[in-house]
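# Survey of secondary and tertiary structure
As a plain string of letters, each chain reads:
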Amino acid sequence: QVQLVESGGGQVQPGGSLRLSCAASGFAMRYYAMHWFRQAPGKEREGVSCISTSDLTRYYVDSVKGRFTISRDNDKDTVHLQMDSLKPEDTAVYFCATEKSARCPLSIRTDKMRFWGQGAQVTVSS
């Protein structure tokens, strides 16, 4: 059974940090680029970050550049998103997803993902 399971979400104060993890099983994650998406209530799902299999390509949406860091451990079939200096506008459900190729695409579309996790809630508030 193919699974992507997110963990590490929770509630933090503005300026705090969280580290999300995504554990893959049932397929060879090391052969695919991986994404993090997020969706806030009433908003469209947006691509947050992408990492290629080689780590040569990393993508970040402008709103999180300098604050979020994506990484992967192919030996452990996991991908992470370190989130620092969190802001209330970062509040959303965060999803990991598997790209259909080894590289991050120029245009990221939610309907092009192979697999999705069920999401992890991140809440940034006082």
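Residues numbered from 1 in each chain as written. Predicted model: local features only at pLDDT ≥ 70, side-chain atom pairs only at ≥ 80, totals over all residues. Heavy atoms only, no water.

## Some words on the state of the cysteines
Under the counting rule described, the total for this entry stands at two disulfides. Note that Cys-22 is cross-linked by a disulfide to Cys-96, the S-S spacing being 2.0 Å. Between Cys-22 and Cys-96 the disulfide shows an S-S torsion of about 55°. By sign, it is right-handed. In this pair, Cys-22 sits in strand E3 (residues 18–25) while Cys-96 sits in strand E9 (residues 92–98), placing the two residues 74 residues apart along the sequence. Exposure remark for Cys-22: the relative accessible area of 1% places this residue in the buried category. When its relative accessible area of 0% is taken as the criterion, Cys-96 is described as buried. The disulfide partner of Cys-50 is Cys-104, and the gap between their sulfur atoms is 2.0 Å. Its torsion about the S-S bond being -100°, the disulfide of Cys-50 and Cys-104 is classed as left-handed. Of the two residues, Cys-50 is situated in strand E5 (residues 46–51) and Cys-104 in the loop between E9 and strand E10 (115–116); the sequence distance between them amounts to 54 residues. On the basis of relative accessible area, Cys-50 is assigned to the buried category, the value being 0%. Once the bonded cysteines of the protein are numbered in order along the sequence, the disulfide links fall as 1-3, 2-4. (Disulfide = S-S within 2.5 Å. Helix = DSSP H or I, 4+ residues; strand = E, 2+ residues; numbered from the N terminus. Buried < 20%, exposed > 50% of the residue type's maximum accessible area, 1.4 Å probe, protein only.)

## Points about the pattern of salt bridges
For side chains of opposite charge, pairing can occur when their charged atoms come near one another. Within this structure, the stated rule accounts for five salt bridges. Across the salt bridge formed by Lys-65 and Asp-62, the nearest N and O atoms sit 3.0 Å from each other. Judged by relative accessible area, which is 60%, Asp-62 ranks as exposed. Arg-67 serves as the salt-bridge partner of Asp-90, at 2.7 Å between the closest nitrogen and oxygen. Of this pair, Asp-90 sits in the loop between strand E8 (78–83) and E9 while Arg-67 sits in the loop between strand E6 (58–60) and strand E7 (68–73), and the two are 23 residues apart along the sequence. (Salt bridge = Lys/Arg side-chain N within 4 Å of Asp/Glu carboxyl O.)

## Some points on the environment of Ser-71
As for its placement among the helices and strands, Ser-71 is situated in strand E7. In this structure Ser-71 comes out as partly exposed when scored by relative accessible area, which is 24%. With ten residues separating them along the chain, Ser-71 and Leu-81 place their C-alpha atoms 6.6 Å apart. Not counting residues up to four positions away in its chain, the partners in contact with Ser-71 are Ile-51, Val-79 and His-80. (Contact = heavy atoms within 4.5 Å.)

## Here's the deal with the pairing of E9
Most of E9 sits inside the fold, with six of its seven residues counted as buried. Where strand E4 (residues 34–39) and E9 come together, six bridges link them in antiparallel fashion. When the sheet's bridge partners are listed, Gln-39 is paired in E9 with Val-93. Relative to strand E11 (residues 120–124), E9 runs antiparallel, the two sharing three bridges. Across the sheet, residue Tyr-94 finds its bridge partner in E11, namely Ala-120. The pairing of E9 with E10 spans two bridges and is classified as antiparallel. (Pairing = 2+ DSSP bridges.)

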